[in-house]
Amino acid sequence: MATSTDTEHRDHHHHHHYGRPALSRPQQQQQQHYAYKIVSKKQRSSSAGGKKKSTGNRRRRLTHVLAGIVLGLFVGYTFGGSYGRFRLYAGCGGGDSDGSRSHVLRPLQQSSQAHDDDNSGGGGARPMAGYGGAGGPPESLLFVGVMTANRYLATRAAAVHGTWARRVPGRVMFYSSETSVLPPGAADLPLVRLPTVDDSYPPQKKSFLMLQHMWDNYGGAYEWFMRADDDVYVRPDRLAALLRSVDSRKPVFIGQAGRGNQEEFGLLSLEYDENFCMGGPGVIMSRETLARVVPHIKHCLKNLFTTHEDVELGRCVQKYAGVSCTWSYEMQTILYHNSSGRDAFTGNLKQKEVHRAITLHPVKQHTHMYRIHNYMKGLELQEIQQKKILLHRDVRSMIDQLMSSHPRPSIEFRLTGDSKQLFASRPGSPNYLGDPDLLGLPPGLNKYRPRKVADVIKWDFISKAWYSDTDANPRRRIDSYTKEGLDDVVREVMDLINKFSKQRGRVIDFKEIFYGYQRVNPLFGVDYMLDMLLMYKKYRGKKMTVPVRRHAYLQQQFTGFEVREVLDGSEVKLMAQQQDAEAYDNDDDDDTAGSPSRDIADNGMVRVQDGPPAKRRPDSRTKTVHFVLPLFNRLATFARFVDNYESVCLANDERVTLTVVPFGQTTVDGAAAAVAQLAERYPDARLTVLPDPGIPFARAAALHAGAVHAAGRPPDDLLFFVDVDMLWTAATLDRVRLNTVRGHTAYFPIVYSEYDPVVVYARAEGSPNHFLVNQDTGYWRQYGFGIVSAYATDLAAAGGLNTSIRGWGNEDVDLYEKFVRSRTAASVFRAADPDLVHVYHPVECDAGLPEPKAQMCANTRFETYGNVDQFANIIYRNRDAVYDFAAGRLRNVSTAAAARPPQMQPASVSAPRPRV
């Protein structure tokens, strides 16, 4: 997100130098004195030499620049651009075994694979020979030992191995008991079975012997060593950045410091200045710390004071390495521990604690480990998109500088006259980088310049509610997705403001938004103007806490849109698109204007066609869609349904079947007659009318019976539950086939429902165009789940239909909730389908319905009449009748109140006094 605020930020750069001998105070004074004398000479010579000295400096700089260019060309010609010929050297990152420093550049050794056979036993592998310092390869930075147990190998350990462990800049090994067995499907899990160790709790022996194994086999290969549990999530990129900022040659013990809770205070045998690193969020030791502790592990195991493994490890490190756990309040946010227990990190992850942390503990439910990992990868993608925007801005700025005399579109820029265009790939190509004229604009609220009044984008006002003149409800509550977007914006703004809070000795907290404005520009992004209440807290120097108000002008920039087509969960790349992309990559001129991918909007965005592609993919029609239709009376409406089924499906040779489940003998006879006439015209059509089930109408039972009859053996078991009031087009069938994926998704389309044609068109004959979709002709049934397509196997995995529900209603919500809650069935896919229309019909609510269904029926009836604007116009046109009606009601109420006898109250009860 590209943001700009009115808060000024000044960078504070701190340079850390390791290995440089410290100067004594006289040496520092002498060095400062020499520096002063040199500067004085330069000033005198500059004033005396004048213009001649300045000319000499220019010549010298020019000579250096030319020499650098020649040297660069020579190196590039010599190595031929092959980065594989370069070798990395370390001159100051490591040391010899005897502690002396070598001044000879040595090539860094890559991590050996000799330890991959640790699955088989308890540590007979050789120590690794190479060691990389701070400038070494990332594989030599960190070794992580994860303590686990045999019962968690298939769940927690597998989840760690499949998520963050694969991205650690080093190696991750899992340590368990001697009798542990690798679970099926986890043959690549790097497991170490520690001899004489079981899975009993507390795991003191497992922890100390794990450190022994880590040092014996990997002590010479890594700078840092981490002890972790199998219920912690680690962000390896941030952890690597933290560790690279600390000198690993010193004894360091990093973790969240603790001294026990109130019940344990004084019982852990800790001195007043001693602490320990809490084991849950993770414990990190430098190589020097581990080297000092390992020789005394047996002694530490024989002298345990408590049953807490992390306390005893901290005691051992304090005694033999001479360091305690990091006393830092910041560690509580970096190594974050959530005290919610099993429910930790199962809710909303958009929290500042989650965003700031390096480790998250505990993740007791292993399935949420994958969820957290996906969320973190999404955050990384956002950072990459932000870097992409910044690069586009830099490129655009440089192009403007180089082409200032001859302005041209940035996309046509060439470094030299005969070179290829910098942005040679065009939209549609996999190498397309985006439009620099669109993405390279600096952040601002005036990117878009309307040409006429109708093009002006209006602002929405934000306060306790949301105010917009473009909505049917001009004042409405702030929607959940809008509130989530505002929270994201505020969180990023506060992170930007507090980026250098530690250096400045203050922190600024967000309190609330007084008011704000928002608008959405389809080309450039979302603009905000926010008036925020902040709390300024200064904790260095003169401490103070002051409330402040700040205005923030922000812009979330769009990065263009990317389209990826999938079929049954696999990506599809059409041959025509590939050939067209290659044609763009091989053509530098503009003679491809007739190509389909040249269909570009004015601002460089690919235009999305209104309908399906002209040539349908051959594989989009291979799936057979089994229609299942419950029917009770409504024979005239069923005739319309049959006509639509014939024109869309049978006339176009679609692979479909129809199963009708009627209730009542009259309905059975009418449906059978209509289907028989259709079968005469299409003898090969698969049409079925089931017999009367002999029970009162129950939609759930009807759908279940139809599904059992219609579904064949996989893969011929794609079911489509419909109602008799539905109309659809061939595009709906395409969406059903594409959006329903076995084992992945069940498709619950959002249906467009028509309003009363008497209100919309002032006619009772019905809508002249059922597929006219706008805010005046109908509405989207956001909470309707009756139309669904799913495979029979996924339907059974979700739990199937509840056939005990009688009548109409609740069976669709019950099935939807089963798919949402199920962990084994397919997930839910929801999308609006403009080609799937529910035709208006008067809603009649049976007087015998129970209260919940009666209320549901009444709400549906009210929603189908029309929208707010239409009813406002009706009231305005008939305002005299409305006034007479309201006056009559008031007279009736007054007459009834006058006729009602007064209520007698006990004498002891006094009337309440009116408030002043």
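In this text, all values refer to a predicted model and were calculated from it rather than measured experimentally.

Visitor: Explain the overall build of the chain here, please?
Guide: Looking only at helices and strands, the chain features 25 helices and 31 strands. Per-residue burial over the chain gives 39% buried out of 916 residues. Pairs at least 24 residues apart make up 72% of the contacts formed inside the chain by residues separated by at least 6 positions. By element, 54% of the accessible surface of the chain is carried by carbon and sulfur atoms, the whole surface being about 53300 Å².

Visitor: Just to check I follow, could you spell out the environment of D460 for this structure?
Guide: With respect to the helices and strands, D460 occurs in strand 15 (residues 460-462). Looking at D460, its side chain comes within polar contact range of the side chain of W466, at 3.2 Å. A polar side-chain atom of D460 sits 3.0 Å from a polar atom in the side chain of S468.

Visitor: Can you help me understand the sheet that holds strand 8 (residues 233-234) in this one?
Guide: Note: strands within a sheet are paired through backbone hydrogen bonds, in either parallel or antiparallel orientation. Sheet architecture is open: three strands sit in the order 8-14-13, paired in mixed fashion. The open sheet is flanked by strand 8 and strand 13 (335-337), the only strands paired with a single partner. Pairing geometry for strand 13 and strand 14 (residues 359-361), over three bridges, is parallel. Of the residues in strand 14, the one forming a bridge with H337 is H361.

Visitor: Can you walk me through helix 13 (residues 480-497) in this structure?
Guide: The end-to-end C-alpha separation of helix 13 is 26 Å, in line with the 26 Å expected for 18 residues at 1.5 Å each. Among the residues of helix 13, T482, L486, D488, V489, V490, R491, V493, M494 and I497 are the ones counted as buried.

Visitor: When you look at the state of the cysteines in this model, what are you seeing that I'm missing?
Guide: Two cysteines, two sulfur atoms, one covalent bond between them: this is a disulfide. With the rule as written, the count across this model stands at two disulfides. C300 shares a disulfide with C316; S-S distance 2.0 Å. Residues C300 and C316 share a disulfide whose torsion about the S-S bond is about 70°; that sign makes it right-handed. With C300 in helix 7 (residues 297-302) and C316 in helix 8 (residues 309-320), this residue pair connects regions lying 16 residues apart in the sequence. Across the pair, C316 and C300 agree in class, each one buried.

Visitor: Please explain the sheet that holds strand 6 (residues 191-193) as it appears in this structure.
Guide: Taking strand neighbours across the sheet as the criterion, the six strands line up as 6-5-4-7-12-9 in an open arrangement whose pairing is mixed. Bordering the open sheet on either side are strand 6 and strand 9 (253-254), each of which pairs with just one other strand. Across six bridges, the pairing between strand 4 (residues 142-147) and strand 5 (residues 170-176) is parallel. Within the sheet, the bridge partner assigned to L142 lies in strand 5 and is G170. Here helix 4 (residues 204-218) sits on the sheet and contacts strand 4, strand 5, strand 6, strand 7 (224-229) and strand 12 (283-286); the angle it forms with strand 4, its principal contact strand, is near 150°.

Visitor: Is there a simple way to think about a nonpolar patch on the surface in this case?
Guide: On the surface, F862, Y865 and F871 cluster together into a nonpolar patch covering about 280 Å² of accessible area. On the secondary structure map, F862 appears in helix 23 (residues 851-863).

Visitor: Looking at this model, I keep getting lost on the packing of aromatic side chains. Mind explaining?
Guide: Remark: the centre distance and the inter-plane angle together describe each pair of aromatic rings, the angle taken between the planes. All told, the structure shown has 23 aromatic pairs when counted by the stated rule. Look at F748 and F819: their rings are 5.9 Å apart centre to centre, the planes differ by 75°, and that puts the pair in the edge-to-face class. Taken together, the residues span a long stretch of sequence, with F748 in strand 28 (residues 745-754) and F819 in helix 22 (residues 811-821) at a distance of 71 residues. Taken together, F627, F638, F641, Y645, F720 and W728 form an aromatic cluster joined through their ring pairs. The lysine or arginine in question, R879, covers the ring of Y876, its NZ or CZ lying 4.4 Å from the ring centre.

Reading the values: the criteria
Residues numbered from 1 in each chain as written. Predicted model: local features only at pLDDT ≥ 70, side-chain atom pairs only at ≥ 80, totals over all residues. Heavy atoms only, no water. Helix = DSSP H or I, 4+ residues; strand = E, 2+ residues; numbered from the N terminus. Buried < 20%, exposed > 50% of the residue type's maximum accessible area, 1.4 Å probe, protein only. Contact = heavy atoms within 4.5 Å. Areas by Shrake-Rupley, 256 points an atom, 1.4 Å probe, with all protein chains shown as cover. Polar contact = N/O pair within 3.5 Å; in protein donor to acceptor, adjacent residues only side chain to side chain. Pairing = 2+ DSSP bridges. Expected span 1.5 Å × (residues − 1). Disulfide = S-S within 2.5 Å. Axes fitted to C-alpha atoms, helices over the stretch in contact; angles between N-to-C directions. Patch = residues over 30% accessible without salt bridge, like charges linked within 9 Å, V, L, I, M, F, W, Y side chains within 5 Å. Salt bridge = Lys/Arg side-chain N within 4 Å of Asp/Glu carboxyl O. Phe/Tyr/Trp six-rings, centres within 6.5 Å; stacked < 30°, edge-to-face > 60°. Lys NZ or Arg CZ within 6 Å of the ring centre and 35° of its normal.

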